[in-house]
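Structural features, examined
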Amino acid sequence: MLLKLISFELKFHFKQTSYLLFTILFFLAGFYFASQEGAIRSENKYNLHLFTSLISLAVVFQIVFQTAYTTLRDSTHNTTQLIHTTSVQKFHFLFSRFFGIFMMSAFSTLFYVFALYASVKLNIFGIHSDTHSSLIDYVWPWLIIVLPNVFILSSFLFAVALFTRKTPAIFLMRLLIFSFFWVNNIYIGSPFTGGKLVAPQDVLNTTAIADIFGLCGSYEQTQLWSPLEKSTQLV
């Protein structure tokens, strides 16, 4: 039963216009960043880590839409009472819906990673001198930053949706998460905002722990890396 429910949820998301739109946008975003001369430095693993991790900031918008569609569709179509009359277990019912949101959001971000890798590897735009970067340089940041972020954001927003059953509450939480991230990064002067991590060490530590995206933690852990380390070591 659980597998059938998960299969149904995956098919449901795949048919949503918003899912297809976000997936296409992520795919095009990968090519866009790769086309900017001086942005992607394929010989620098730290640079690839930062640009691959960027998709974490965009995927929260997709998760919000998918969560709203998933958790509120029963009340929208007046099928809530019908669901309660079935033999579906509550755990299977909720887990399948959450898993659908998580899996489809994670799958969409892979298109961004693939676009980055393909653009650099094939030197599509003729601006990348080093085309020998490994696929692991792109997949590793996805595994340690993007995928956990998708899981955390999906869990958090799904819980908010279940408790409130209100679309505005889901979108408001998205805004708070996004605002909190930017305030954190501006406050510590992170490289993502053009800064140089000028905040005291104790502030950096606190911000790194509080950052839901984990990007501040990456900055904090690599702030003392030498140029050689940033070029040769995975974060």
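Computed from a predicted structure; not experimentally measured. (Residues numbered from 1 in each chain as written. Predicted model: local features only at pLDDT ≥ 70, side-chain atom pairs only at ≥ 80, totals over all residues. Heavy atoms only, no water.)

This part covers the overall build of the protein. In terms of regular secondary structure, the protein is built from 11 helices and 0 strands. When the helices and strands of the protein are listed from N to C terminus, the series reads α-α-α-α-α-α-α-α-α-α-α. In the protein, which comprises 235 residues, the share counted as buried stands at 44%. The contacts of the protein with a sequence gap of at least 6 include a subset with a gap of at least 24, amounting to 73%. In the structure as shown, the protein presents an accessible area of about 12,200 Å², 70% of it carried by carbon and sulfur atoms. (Helix = DSSP H or I, 4+ residues; strand = E, 2+ residues; numbered from the N terminus. Buried < 20%, exposed > 50% of the residue type's maximum accessible area, 1.4 Å probe, protein only. Contact = heavy atoms within 4.5 Å. Areas by Shrake-Rupley, 256 points an atom, 1.4 Å probe, with all protein chains shown as cover.)

This part is about the packing of helix 3 (residues 45-53) against helix 7 (residues 136-164). Packing of helix 3 against helix 7 brings their axes to within 9 Å, and their N-to-C directions diverge by 50°. Relative to helix 7, helix 3 is oriented oblique. Judged by the twist between their axes, the crossing of helix 3 over helix 7 is right-handed. Contact residues: Lys45, Leu48, His49, Thr52 and Ser53 in helix 3; Asp137, Tyr138, Pro141, Trp142, Ile144, Ile145 and Val146 in helix 7. Across the contact of helix 3 with helix 7, the residue classes break down as 7 nonpolar, 3 polar and 2 charged. (Axes fitted to C-alpha atoms, helices over the stretch in contact; angles between N-to-C directions. Parallel < 35°, antiparallel > 145°, perpendicular 65-115°, else oblique. Left-handed = near helix turned anticlockwise from the far one by under 90°. Nonpolar A, V, L, I, M, F, W, Y, C, P; charged D, E, K, R; others polar.)

Between its first and last C-alpha atoms helix 1 (residues 2-14) spans 18 Å; for 13 residues at 1.5 Å apiece the expected length is 18 Å, and the two agree. Within the span of helix 1, buried status applies to Leu5, Ile6, Glu9, Phe12 and His13. Summarising the axial view, the buried residues of helix 1 lie within an arc of 120°, below the 170-degree limit, and thus occupy one face. Exposed positions of helix 1 whose direction lies more than 90 degrees from the buried face are Leu3, Lys4, Lys11 and Phe14. (Expected span 1.5 Å × (residues − 1). Arc of directions from axis to C-beta.)

That's the geometry; what it means functionally is another story.
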